[in-house]
Amino acid sequence: MTRRPPSVADLERHVEQLGSLVDTAGLITDPAQMAAYERDWMGKFQGRAFAVLRPRDTAAVSRLLSYLNTHRLAVVPQAGNTGLVGGSVPDAAGAFVLSVERMTRIREVDTVGASITMDAGVVLETAQAAAREAGLMLALDLGSKGSCRIGGNISTNAGGLKVLRYGHIRDQVLGLEVVLADGTVLDGLTTLRKNNTGYDLKQVFIGAEGTLGVVTAASLKLHPAEAGRAVAMVAVDRFEDVTRVLGAVRSTFPGRLNSVELIGADAVTLVATALDGARSPFADTHTYAVLIEVGSDDAAAAAERERLETVIGRLIEDEHVADAIIAQSEAQAEALWLLREGVPEAVGRTAPVHKYDLTFAVGDIGHFIADCDLALARVARGLRPIYFGHVADGNVHVNVMAPQGMSAEGYRALQAPIDEAVFDLVGQYRGSISAEHGIGQVKRAYLDRNRSAAEIRTMQMLKAVLDPHGILNPGRLLP
Ligand SMILES: Cc1cc2nc3c(=O)[nH]c(=O)nc-3n(C[C@H](O)[C@H](O)[C@H](O)COP(=O)(O)OP(=O)(O)OC[C@H]3O[C@@H](n4cnc5c(N)ncnc54)[C@H](O)[C@@H]3O)c2cc1C
């Protein structure tokens, strides 16, 4: 459906009316101030905001959506604006941006029931700290934790660094408060662990990328705090040996393995070059670095470190691991993690990029990487793929950097052939085109690579029921 932007006169009237539904700080119309809401984290997607709406509470979200729905006005929900698929910013046709950034109240931390209830605009790192202060842990951790917000995390079904042990955010959500397109408030903000009373409506909004409703608050599970951790990085030259490392640490630390992360040699070099304080712990270059983190309580941390040392020692003896370092302090652990968490920022500072977030059967990843190198070389000379990701989940991030010296504009023209090459391979390996970042604008045309026609039709029917005028995040997710 083609969207017709409102006329200038109508727009002025709508902005004035919408402004009357929020407090003074709740409306931004100054182009300079709106710029940050119109452009995504990568600087790749840029559109036009008619105005930025910043409600302070759920009632204001309801008033705004009710007005927008009555007047058939497009709206893009936004939280931390760290999304990587162009879902959080308007496109050139224009839309209102509804930011939840002022909804930052932590409503309750329940230490007995082990849950946290908070507004959708709470920054992930703030929520983590609130849980920690209560002696508990929020089992969600992303490289973007200082900027992304809970509403965005839920709407993208965020994964991240603890999926291996605790699952996606979907596994953490106990209840949601959501405002529908017509302003109806769905209050499903329960902290009950068991609630078998019909359709589990919250699941529909998790990962819906703002196309079905605006998440205004959430109750999430908390877990016993991990007071300590054992962290190591090993250097490996063949992918088969990555799977050996994975098998060995899995069987040594059942239920305690937080993360096993893969970082390709080019990614290590890039981070060490682009980010202050980052450096490879290895004297030589190896095909992959594998970062391993085991969670433990304080008392067990030293014993876990010893166990990690023993298992890695055996892998070195058997010539599956070429080199290794075991962090002896929290500072060393942080330095090793910087090599993994710093990859997106290092890539962003280096060159224009097209990003892919893929899943495979773990055993296929090495073959995929070899095939992907060849396929990209056929698309254009000088493309620079960077491979990293949550390897234990089968999740590989492929960041394809532009050839040296190519402008962002010039590189845009290569997006379609690179998409085709990468997604064709994903099909061959029966993988997924989106492990955790979602579909957004970028992968919308490729949804049918993973979802059947019947599934897409069912999603479209759901959308038509919940948002009959298509005001919520039009042009995202669904073809
Ligand atoms: C350095 C870096 C590292 C990252 N690492 C990871 C990672 O490990 N794992 C991972 O999964 N992602 C990762 N991401 C991607 C991103 O941080 C996540 O997708 C995150 O969950 C987005 O949250 P946000 O608050 O920034 O949402 P936004 O970017 O603001 O929005 C994302 C989507 O959700 C919708 N939305 C936002 N708020 C609401 C709401 N209240 N109600 C309804 N819809 C809403 C938007 O319309 C958009 O479609 C990373 C990003 C960066 C920049």
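Bear in mind the structure is a predicted one, so any value in this text is a computation, not a measurement.

Side note on the layout of surface pockets
Each pocket or cavity is described by its volume, and for the largest pocket that value is around 1,100 Å³. Taken together, 50 residues form the lining of the largest pocket, with Thr-82, Gly-83, Leu-142, Ser-144 and Cys-148 sitting closest to its centre. Within the residue set of the lining of the largest pocket, elements represented by two or more residues are strand 3 (75-78), helix 5 (150-155), strand 10 (214-221), helix 11 (330-341), helix 12 (343-350), strand 16 (353-359) and strand 18 (395-401). Tallying contributions element by element places helix 5 first for the lining of the largest pocket, with 4 residues.

Remarks on the environment of Leu-164
For Leu-164, the location among the structural elements is in helix 6 (residues 163-166). For the pair Leu-164 and Thr-190, spaced 26 residues apart in the sequence, the C-alpha separation amounts to 26 Å. Setting aside residues no more than four positions away along its own chain, Leu-164 makes contact with Arg-250, Leu-257, Asn-258, Ser-259, Val-260, Ala-392 and Asp-393.

What about the packing of aromatic side chains?
Applying the stated rule across the entire model yields 7 aromatic pairs. With a centroid separation of 5.8 Å and 85° between ring planes, the pair formed by Phe-239 and Tyr-288 is classed as edge-to-face. Placement of the pair is Phe-239 in helix 8 (residues 239-252) and Tyr-288 in strand 14 (residues 288-296), with a sequence separation of 49 residues. Using a relative accessible area of 9% as the deciding quantity, one classes Tyr-288 as buried. Plain terms: the ring middles of Tyr-356 and Phe-423 are 5.6 Å apart, the flat faces sit at 80° to each other, and that makes the pair edge-to-face.

Here we look at empty space enclosed by the protein
Overall, the coordinates contain 3 cavities of 30 Å³ or more when judged by the stated rule. In this structure, the largest cavity spans a volume of roughly 60 Å³. What lines the largest cavity is simply Met-42, Lys-44, Phe-45, Leu-84, Val-85, Lys-355, Asp-357, Gln-415, His-437, Val-442 and Lys-443. Considering only residue class, the lining of the largest cavity consists of 5 nonpolar, 2 polar and 4 charged. Each of two domains, domain 1 (8-101) and domain 4 (351-454), supplies a minimum of three residues to the lining of the largest cavity. Put simply, the second largest cavity is a space of about 40 Å³. Around the second largest cavity, the lining comprises 13 residues; the ones closest to its centre are Leu-164, Val-260, Glu-261, His-390 and Asp-393. Every element with two or more residues in the lining of the second largest cavity is listed here: helix 6 and strand 13 (257-264).

Remarks on unusual backbone geometry
The backbone of Asn-81 shows a phi angle near 55°, a positive value even though the residue is not glycine. With respect to the secondary-structure elements, Asn-81 resides in the loop between strand 3 and strand 4 (95-99). Under the relative-accessibility criterion, Asn-81 is labelled buried at 12%.

Here is what the cut-offs are and how they apply
- Residues numbered from 1 in each chain as written.
- Predicted model: local features only at pLDDT ≥ 70, side-chain atom pairs only at ≥ 80, totals over all residues.
- Heavy atoms only, no water.
- 1 Å grid on protein atoms, 1.4 Å probe; cavity = no way out; pocket = protein on both sides within 12 Å on 5 of 7 lines; lining within 4 Å.
- Points joined across faces, edges and corners; volume = space filled by probe spheres on them.
- Helix = DSSP H or I, 4+ residues; strand = E, 2+ residues; numbered from the N terminus.
- Contact = heavy atoms within 4.5 Å.
- Phe/Tyr/Trp six-rings, centres within 6.5 Å; stacked < 30°, edge-to-face > 60°.
- Buried < 20%, exposed > 50% of the residue type's maximum accessible area, 1.4 Å probe, protein only.
- Nonpolar A, V, L, I, M, F, W, Y, C, P; charged D, E, K, R; others polar.
- Domains from an automatic or database assignment.

Taken by themselves, the reported measurements are silent on function.
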